[in-house]
Amino acid sequence: MPDTHGADAPEGDAYEATDPPVAGLLLAAGGGRRLGGRPKALLEHRGRPLVEHAARALRAGGCTPVHVVLGASAPEVRERAVLPGAVLVDNPGWAGGMGSSLRAGLASLAGTDARAALVLLVDQPGIGAAAVARVVAAYRGPGSLVSAAYGGRRGHPVLFGADRWAEISADATGDRGARAYLKARERDIVLVECGDVALPYDIDTEEDLSHLETGVAPESGGIGKGRAPETE
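Here's a quick rundown of the structure. (Residues numbered from 1 in each chain as written. Predicted model: local features only at pLDDT ≥ 70, side-chain atom pairs only at ≥ 80, totals over all residues. Heavy atoms only, no water.)

Description of the overall build of the chain
For step 1, the next point in the chain: Along its length, the chain carries 6 helices and 10 strands.
For step 2, the next point in the chain: Going through the 232 residues of the chain one by one, you find that 54% of them count as buried.
For step 3, the next point in the chain: Per element, the accessible surface of the chain, about 10200 Å² overall, is 51% carbon and sulfur. (Helix = DSSP H or I, 4+ residues; strand = E, 2+ residues; numbered from the N terminus. Buried < 20%, exposed > 50% of the residue type's maximum accessible area, 1.4 Å probe, protein only. Areas by Shrake-Rupley, 256 points an atom, 1.4 Å probe, with all protein chains shown as cover.)

Right under this line is the structure:
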């Protein structure tokens, strides 16, 4: 069962304060197999765990509520991370891949007022509030299907209207997440270019740890150091 762990909408006519909310869904359950078993949610960036930075980006980008799916070392994440107002969702099947976390997250939103879920991955600290806000602003209704793009190539975050959740959940297995669903619906996806405000690198390997910054630095809206490798 989810529990609560104790910005204004972007300008434009697509998403107003009176509209049904776009929820933020942060997938933060990964165990960091290629990082020596270090959970990605707890990797330190600018002095705090990655999960805090990602949750903050969702809130500042206009998402409400924010649900965070936990798996590997969930008790430690709950103890160490400061996630005000976030709903924490346990995924006991996290080792089965990202698909199980996506299903758990979407299920946790059932019964809420959310009409769309904006999905962000915890291991992409180069993506901040600016990219989130752009994708949220493209929301048009419960059938929306929107993705950030980097140089015209699809990446995260991705927004799924509520009318799509059941089909996405049925298709989300293993490590695929929503990849197959999106590939089959390329023509339906609204792409929102975010390459000028975010870098879509992942923290997957020991080499990628060089992207993480030490010390405490002001939030940059997502742009940070490092290369921008290919997205899905």
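Topic: the pattern of salt bridges
For step 1, the next point in the chain: Enumeration over the complete set of coordinates arrives at 7 salt bridges.
For step 2, the next point in the chain: Close ionic contact of arginine 78 with aspartate 90 constitutes a salt bridge, the shortest N to O distance being 2.9 Å. In this pair, arginine 78 sits in helix α2 (residues 74–80) while aspartate 90 sits in strand β6 (residues 86–90), placing the two residues 12 residues apart along the sequence.
For step 3, the next point in the chain: Residue class for arginine 78 comes out partly exposed when judged on its relative accessible area of 22%.
For step 4, the next point in the chain: Exposure remark for aspartate 90: the relative accessible area of 35% places this residue in the partly exposed category.
For step 5, the next point in the chain: One salt bridge connects arginine 134 with aspartate 196, and the closest N-O pair in it is separated by 2.7 Å. Note that arginine 134 is positioned in helix α4 (residues 129–137) and aspartate 196 in the segment after β10 (190–193), a separation of 62 residues in sequence. (Salt bridge = Lys/Arg side-chain N within 4 Å of Asp/Glu carboxyl O.)

Quick notes on the pairing of strand β9 (residues 153–161)
For step 1, the next point in the chain: The element β9 is extensively covered by neighbouring structure, given that 8 of its 9 residues are classed as buried.
For step 2, the next point in the chain: As judged from the 4 bridges shared by strand β7 (residues 116–121) and β9, these two strands associate in the antiparallel manner. From the neighbouring strand, alanine 117 faces β9, where its bridge partner is phenylalanine 160.
For step 3, the next point in the chain: With 5 bridges connecting them, strand β8 (residues 145–150) and β9 associate as antiparallel partners. In the strand pairing of β9, serine 147 is matched with valine 158. (Pairing = 2+ DSSP bridges.)

Quick word on the packing of aromatic side chains
For step 1, the next point in the chain: All chains considered together, the criterion is met by 0 aromatic pairs.
For step 2, the next point in the chain: Looking at arginine 185, its charged tip hangs above the ring of tyrosine 181, at a distance of 3.7 Å from the centre. (Phe/Tyr/Trp six-rings, centres within 6.5 Å; stacked < 30°, edge-to-face > 60°. Lys NZ or Arg CZ within 6 Å of the ring centre and 35° of its normal.)

Section: the environment of threonine 64
For step 1, the next point in the chain: Position of threonine 64 relative to the elements: it lies in the loop between α1 (50–60) and β5 (66–70).
For step 2, the next point in the chain: Relative accessible area serves as the criterion here: at 44%, threonine 64 is assigned to the partly exposed category.
For step 3, the next point in the chain: When the C-alpha positions of threonine 64 and alanine 86 are compared, they lie 9.2 Å apart, and in sequence the two are 22 residues distant.
For step 4, the next point in the chain: Non-local contacts of threonine 64, meaning those with residues more than four positions away in its chain, are made with Pro21, Val22, Ala23 and Gly24. (Contact = heavy atoms within 4.5 Å.)

Points about α1
For step 1, the next point in the chain: α1 sits mainly inside the fold: 8 of its 11 residues count as buried.
For step 2, the next point in the chain: Glycine 62 sits one or two positions beyond α1 and adopts a positive phi of about 105 degrees.

Shape is all these values report; function is a separate question.
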